[in-house]
Amino acid sequence: MVKIAPSILSADFVNLERDIKRASSADYLHVDVMDGAFVPNLTIGVPVVESIRKCTDMFLDVHLMIDKPERYIDAFAQAGADLLSVHLEADHPTRIARALKRMEEHGVKKAVALRPITSANAVLPYIEELDLVLVMTVEPGFGGQAFMESQLDTIRQVRAIIEKYNPACELEVDGGINAKTAPLVTAAGANVLVAGSAVYGKEDVAGAIAALRAAAE
Ligand code: DX5
Ligand code: ZN
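Let me begin by describing the structure that accompanies this report. (Residues numbered from 1 in each chain as written. Chains lettered and ligands numbered in written order. Predicted model: local features only at pLDDT ≥ 70, side-chain atom pairs only at ≥ 80, totals over all residues. Heavy atoms only, no water.)

1. Regarding the pattern of salt bridges
In step 1: This structure, assessed with the given rule, holds 18 salt bridges.
In step 2: We note a salt bridge from Arg 159 to Glu 163, for which the minimum N-O separation is 2.7 Å. With Arg 159 and Glu 163 both in helix 5 (residues 151-165) and 4 residues apart, the pair spans about one turn of that helix.
In step 3: Given the relative accessible area of 44%, Glu 163 is considered partly exposed. (Salt bridge = Lys/Arg side-chain N within 4 Å of Asp/Glu carboxyl O. Helix = DSSP H or I, 4+ residues; strand = E, 2+ residues; numbered from the N terminus. Buried < 20%, exposed > 50% of the residue type's maximum accessible area, 1.4 Å probe, protein only.)

2. Topic: the nonpolar core
In step 1: Formed by 65 residues in total, the largest nonpolar core has its most connected members in Ile 8, Val 133 and Leu 193.
In step 2: In contact with Val 133, other than residues within four places in its own chain, are Val 112, Leu 114, Val 123, Ile 127, Val 158, Ile 162, Cys 169, Glu 170, Leu 171 and Glu 172. (Core = buried A, V, L, I, M, F, W, Y, C linked by side-chain atoms within 4.5 Å. Contact = heavy atoms within 4.5 Å.)

3. With respect to the coordination of the zinc ion (ligand 2)
In step 1: Note on the zinc ion (ligand 2): its protein donors are His 30 (NE2), Asp 32 (OD), His 63 (ND1) and Asp 174 (OD). The metal-donor distances range over 2.0 to 2.3 Å.
In step 2: Geometry at the zinc ion (ligand 2) is octahedral, judged from the 6 donor atoms that bind it and their angles of 70 to 169 degrees at the metal.
In step 3: Written as a sequence motif, the donor residues of the zinc ion (ligand 2) are H-x1-D-x30-H-x110-D. On the criterion of sequence distance, the pair formed by His 30 in strand 2 (residues 28-34) and Asp 174 in strand 7 (residues 170-174) is long-range, its members being 144 residues apart. Accessibility assignment for this pair places His 30 and Asp 174 in one class, buried. (Donors = N, O, S within 2.8 Å, 3.2 Å for Na, K, Ca; no water. Tetrahedral: all angles 85-135°; square planar, octahedral: opposite > 155°, others 65-115°.)

4. Considering the side chain of Asn 166
In step 1: In this fold, Asn 166 is placed in the loop between helix 5 and strand 7.
In step 2: Setting aside anything within four residues of it in sequence, one finds Asn 166 in contact with Ile 127, Glu 128, Glu 129, Leu 130 and Ile 161.

5. Focus on the packing of aromatic side chains
In step 1: In total, this model carries 1 aromatic pair according to the counting rule given.
In step 2: Positioned above the aromatic ring of Phe 38, the side-chain terminus of Arg 115 is 4.5 Å from the ring centre. (Phe/Tyr/Trp six-rings, centres within 6.5 Å; stacked < 30°, edge-to-face > 60°. Lys NZ or Arg CZ within 6 Å of the ring centre and 35° of its normal.)

6. Notes on the site of ligand 1
In step 1: If you check the shell around ligand 1, you find 20 residues, and the closest are Asp 32, Gly 141, Asp 174, Gly 196 and Ser 197.
In step 2: Contact distances for ligand 1 include 3.3 Å between an oxygen atom and a side-chain N or O atom of His 63.
In step 3: Out of a free accessible area of 380 Å², ligand 1 has 100% covered by protein chains.
In step 4: At the level of secondary structure, the elements contributing two or more residues to the shell around ligand 1 comprise strand 2, strand 3 (59-65) and strand 8 (192-195).
In step 5: Residue contributions to the shell around ligand 1 peak at 3 residues, all from strand 2.
In step 6: Among the residues making up the shell around ligand 1, the classes are represented as 8 nonpolar, 10 polar and 2 charged. (Near = heavy atom within 4 Å. Polar contact = N/O pair within 3.5 Å; in protein donor to acceptor, adjacent residues only side chain to side chain. Areas by Shrake-Rupley, 256 points an atom, 1.4 Å probe, with all protein chains shown as cover. Nonpolar A, V, L, I, M, F, W, Y, C, P; charged D, E, K, R; others polar.)

7. Some remarks on the environment of Gly 189
In step 1: Within the element layout of this structure, Gly 189 appears in the loop between helix 6 (182-188) and strand 8.
In step 2: The class of Gly 189 is buried, set by a relative accessible area of 12%.
In step 3: Remark: the alpha-carbon pair of Gly 189 and Phe 38, spanning 151 residues in sequence, is separated by 27 Å.
In step 4: Apart from residues no more than four positions distant in its own chain, Gly 189 is found in contact with Ile 155, Arg 159 and Leu 171.

Next up, the structure:
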């Protein structure tokens with residue numbers, strides 16, 4: 001069963017609570033944290049995650065696009081994240097491992113994220129302890145970009161690694177997911193689909209979530 005994770009990056013920030021509630025039929029709520037260094041954009045920080053936690057019981061999937069993410073694991077865990085993903089390109093492997101350990105200590109689900117340039121094998125040192133691998137299907141930084149078809153290979157390779165070492169691990173994709181690309185990524189092995197503009201770009205948010213689900217099955 002495919003899971004849908006609307007990205008609030010494309011929501012109306014003036015009406016964030018309303019837009020979060022509109023997405024309540026989804027499985028996860030995807031929160032994009034950007035630091036203006038790891039990616040050239042600045043978005044949501046700890047206080048906003050704290051406020052989101054107060055207005056929804058949805059599973060908060062917090063995507064950290066920040067340098068040296070180990071520094072912020074405690075803060076985002078305490079703010080109420082259910083899952084944190086750290087980019088493998090954002091720090092030295094020993095500090096990525098430490099970031100995962102911190103998540104474990106907080107009882108937060110653990111994920112690593114891969115930029116399009118990063119090969120599937122980069123997950124190997126961590127795979128057995130992960131709850132989710134996030135494969136980017138655009139260059140991280142902005143919503144509304146075109147899906148990179150070349151990432152289908154990476155999705156297939158990560159799926160093969162997951163089947164071999166940790167079949168319970170989820171495989172999430174993020175970037176350019178819509179009713180056209182959803183069947184491609186699920187056929188390649190993804191089971192969690194992040195979608196920003198394909199959900200919040202529509203008047204009928206619940207309808208957009210249902211349409212994505214139908215397209216993905
Ligand atoms: C991009 C973010 C995505 C973004 C996806 O760096 O990680 O989560 O919101 O937006 P769409 O679905 O519009 O590509
Ligand atoms: Zn994201």
